[in-house]
Amino acid sequence: MPPQILAAAITVQALHGLSDFETVQELRCDLRWKAACGLGLHDMAFDPSLLAYFRRRLARSARPNRVFEAVREVVKATSVLKGKHRRALDSTVLDDAVATQDTVTQIIAAIRAVIREVPGGAEAAGVRCSAHDYTNPGKPRIAWNDEQARAALVDALVTDALRLLGHLPEQELGEKAANAVGILALVAGQDVEPDEDSDGRDGRWRITQGTAPNRMISTVDPASRHIHKTRSHQQDGYKAHLAIEPETGILTAVTLRPGAGAEHHEAAVGLDLLASEDEPVEAFGDTAYSTGDARQALECRTPAVPQTRPATARRPRRFHPRRLHHRHHRQRGDLPPRTHRHPVRSRRPTPPAPGRVQRPMHPMPTA
């Protein structure tokens, strides 16, 4: 299948918000989809899995945003956004399909990746690593309900990881081998700290109390992170950021970032989304985009627009019905003077003067 047909298919798919299966069904049955994607009348469609394969290859290529860049050129050539200077900024969480891994699972998986990908890693692990049989696909067989056994296992695994990193042969590494070594170095230090009575040089380690900032949650997808959109709702995955023109609904910039880290905050990413604008624009977003640094950067980048408060009609003065009743009788003079009280004034009973006995309202019976 030609790549231009697949590129057109995923573009129209994003426009209509359809799944891969629904997109292929439209290509098979709808003549408008066939004409938009360059298929003939009698051309058959393809399997839906081809769209996922194409997106994966596109994401790993040197220009992963080439489809978006082509659409941007069409938008610029047609002048659809001419005279429209408003951009709305927003973000959403995309859940990751991988499971969150604990420290033991991460270290074992990282050591296995180094043994598999790095030349000479298997020989170094066979000599230096003794905490676990890394050819066994299962977890170490220990008493997992024993705290001391778990602490001893973590200490031994971290020691194996550091020994393996220190005794790998010096050589030029490829992309996969370099990533495996980097992930092992990361997981060997992100969740552990020197033991309580250790000075950090005797090789005794324990699990860190708390969660490390910007923690890698899985060796399968190293860029996935813990995300907290609210204090109570927690997710694992990525954040998709976008800038949109609100009248036409055209996305002017999009990006996918990890869900944690100051460099991936909405305010920092929002400035990157607006950097490709040729003319000054008015940006709208929630309070996540309104940090002091972001506002200062936008004020320096775009001219200040004076905001005038729209004139509103003065609301008529309203009174309580009881207050109106008292006002009416106060004007006519029908009520005695003691009943005229300010409606806001407290109506607490006045205490009797010192030395004066207040008479009861009803006489008490005598004995």
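One structure accompanies this document, and this report is about it. Not measured: the values here are computed from a predicted model.

**Details of the pattern of salt bridges**
For the structure shown, the criterion picks out 9 salt bridges. For K139, the salt bridge is made with D102, and the minimal N-O distance between the two is 3.3 Å. Highlighted residues: K139 in the loop between α7 (121-128) and α8 (147-166) and D102 in the loop between β1 (86-95) and α6 (103-117), separated in sequence by 37 residues. The class of K139 is partly exposed, set by a relative accessible area of 44%. With its nearest N and O atoms 2.7 Å apart, the salt bridge here joins K239 to E266. Of this pair, K239 sits in strand β5 (residues 234-244) while E266 is found in helix α10 (residues 266-274), placing the two residues 27 residues apart along the sequence. On the basis of relative accessibility, which here comes to 8%, the residue K239 falls in the buried class. By relative accessible area, E266 is classed as buried at 7%.

**What to know about helix α1 (residues 3-16)**
The periodicity of an α-helix, 3.6 residues per turn, causes residues three or four positions apart to be oriented the same way. Its 14 residues give α1 an end-to-end C-alpha distance of 20 Å, which sits within 8% of 20 Å, the value for a rise of 1.5 Å per residue. Every buried residue belonging to α1 is among I5, L6, A7, A8, A9, I10, V12 and Q13, and all of these are buried. Among the structural elements, α2 (20-29), α3 (31-37), α4 (49-59) and α5 (66-78) are those in contact with the buried residues of α1. One or two steps after α1, the chain reaches G17, where phi turns positive at roughly 65°.

The rules we used
- All residue numbers refer to position in the chain's written sequence, counted from 1.
- Totals for whole chains, interfaces and linings use every residue, but because this is a predicted model, local features are given only for residues with pLDDT of at least 70 and side-chain atom pairs only at 80 or more, for both listing and counting.
- Side-chain measures were taken over the full set of non-hydrogen atoms in the model, leaving aside hydrogen atoms and water.
- Each reported salt bridge corresponds to a side-chain nitrogen of Lys or Arg within 4 Å of a carboxyl oxygen of Asp or Glu.
- Every helix listed is a DSSP run of H or I at least four residues long, and every strand listed is a run of E at least two residues long, numbered separately from the N terminus.
- Only protein chains enter the accessibility calculation, which uses a 1.4 Å probe; a residue is then buried when its area is under 20% of its type maximum, exposed when over 50%, and partly exposed in between.
- In this scheme, a helix's expected span is set at 1.5 Å multiplied by one less than its residue total.
- Throughout, a residue-residue contact means that at least one pair of heavy atoms, one from each residue, lies within 4.5 Å.

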